[in-house]
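# Reading the structure
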Amino acid sequence: MRIIPAIDIIDGKCVRLTEGDYSTQKIYNANPLDVAKEFEDNGIRYLHLVDLDGARLGKITNWKVLEKIASKTNLEIDFGGGLKSDQDLEIALDSGAKKVTGGSIAVKNPDLFKQWITLYPGRIILGADVKNKMVAVSGWMEASKMSLDELLDTYLPLGLNEVICTDISKDGKLEGLNIELYKEVLSKRTGLELIASGGVAGMRDVELCKEHSLAGVIIGKAIYEGKISLKDLNKFIINAG
């Protein structure tokens, strides 16, 4: 199971939101590269980097942060937020992203997202951001009429197999993951690489992800608020090879 710390970017700074509400912004570090290097120094191999400005504006914005982290660390970065066009995708990949996460585009421009899946096999992650099992888009500011099941049934048959599923109602609240949601998704789909996101409160959430065969878990505020230390995560990192 992959341990994947998150760095969310607004105005080039490392921040966290609560339930995707931009008015709840809290700055943790003005230099995201320092945060990324600390992760790497503690054995972390993966990073979930989110361009929150990009998600809100509808175009990649903080690609310079991606470029800096990718060029100065060996972290495998998945990058998301504001990827709406071929140009956005090319900028992200050229700036060092190992993979890109598409959320809103999968709902609003399915034809283009399907092209990406075909043209970049293994490098496209589906970002499924949900509240009450309905998909939200545009930096979580807009509800769609598509259910989580509909979203997954649209793209999994095309060869896409990696999904980051975030329960928005849990995100940033340190109240625990919606593990029942992930169990339900996996019970219907064998072989899916499902990555949990939203609400990790402590090591018990990480252990639950391992117990229920999730491919990975994204951890944000729990690290920044000291609920989980990087040392705590070491045994999972070592066991993951």
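Our subject is the structure that appears above.
Residues numbered from 1 in each chain as written. Predicted model: local features only at pLDDT ≥ 70, side-chain atom pairs only at ≥ 80, totals over all residues. Heavy atoms only, no water.

## Brief notes about the overall build of the protein chain
To keep it simple, the criterion reads: Numbering of helices and strands runs from the N terminus; a helix is a DSSP stretch of H or I covering at least four residues, while a strand is a stretch of E covering at least two. We compute the radius of gyration over the C-alpha atoms and compare it with the globule rule, which gives 2.2 Å times the number of residues raised to the power 0.38. Remark: exposure states derive from per-residue accessible area (1.4 Å probe, protein chains only) relative to the maximum for the residue type, with buried under 20%, exposed over 50%, and partly exposed in between. Working rule for contacts: check all heavy atoms of both residues, and any pair within 4.5 Å makes them a contact. Every accessible area reported is derived by Shrake-Rupley at a probe size of 1.4 Å, with residue values counting cover from the shown protein chains alone.
Scanning the protein chain for helices and strands turns up 11 helices and 12 strands. The C-alpha radius of gyration computed for the protein chain amounts to 16 Å, which stays within 12% of the reference 18 Å derived for 241 residues, consistent with globular compactness. Structurally, the protein chain occupies a C-alpha span of about 40 × 40 × 35 Å along its principal axes. The 241 residues of the protein chain split such that 54% are buried. Taking all contacts inside the protein chain whose residues are at least 6 apart in sequence as the whole, residues at least 24 apart take part in 66%. Carbon and sulfur atoms form 46% of the exposed surface of the protein chain, whose accessible area is close to 10500 Å².

## As for the nonpolar core
Applied cut-off: Note on terminology: a nonpolar core comprises buried Ala, Val, Leu, Ile, Met, Phe, Trp, Tyr and Cys residues joined through side-chain atoms within 4.5 Å.
Counting 69 residues, the largest nonpolar core has Ile3, Ile7, Phe113, Val206, Val217, Ile219 and Leu233 as its most contacted members. Aside from chain neighbours lying at most four places away, what touches Ile3 is Ile44, Tyr46, Val206, Val217, Ile219, Leu233, Phe236 and Ile237.

## Let's talk about the pattern of salt bridges
To be explicit about the condition: What counts as a salt bridge is simple: a side-chain nitrogen of Lys or Arg found within 4 Å of a carboxyl oxygen of Asp or Glu.
Throughout the structure, instances matching the rule amount to 15 salt bridges. The residue Arg189 makes a salt bridge to Asp149 at a minimum N-O spacing of 2.9 Å. In this pair, Arg189 is assigned in the loop between helix H8 (179-188) and strand S11 (193-197) and Asp149 in helix H7 (residues 148-155), connecting sequence segments 40 residues apart. With relative accessibility at 11%, the residue Arg189 sits in the buried group.

## With respect to the state of the cysteines
Selection rule: When two cysteine sulfur atoms are found within 2.5 Å, that pair is recorded as a disulfide.
Scanning the model with the defined rule gives zero disulfides in all. Cysteine Cys165 remains unbridged, with the sulfur of Cys209 as its closest cysteine sulfur at 11 Å.

## Here we look at helix H1 (residues 32-41)
Here is the rule: Taken from the helix axis, the directions to the C-beta atoms give the arc we talk about.
Within H1, the full set of buried residues consists of Pro32, Leu33, Val35, Ala36 and Phe39. Projected down its long axis, H1 carries its buried residues within an arc of 160°, all on one side. If you follow the buried residues of H1, they end up packed against strand S1 (2-10), strand S2 (13-18), strand S3 (21-29), strand S4 (46-51), helix H3 (63-72) and helix H10 (221-224). Note on H1: the residue one or two positions beyond its end, Gly43, has a positive phi of about 90°.

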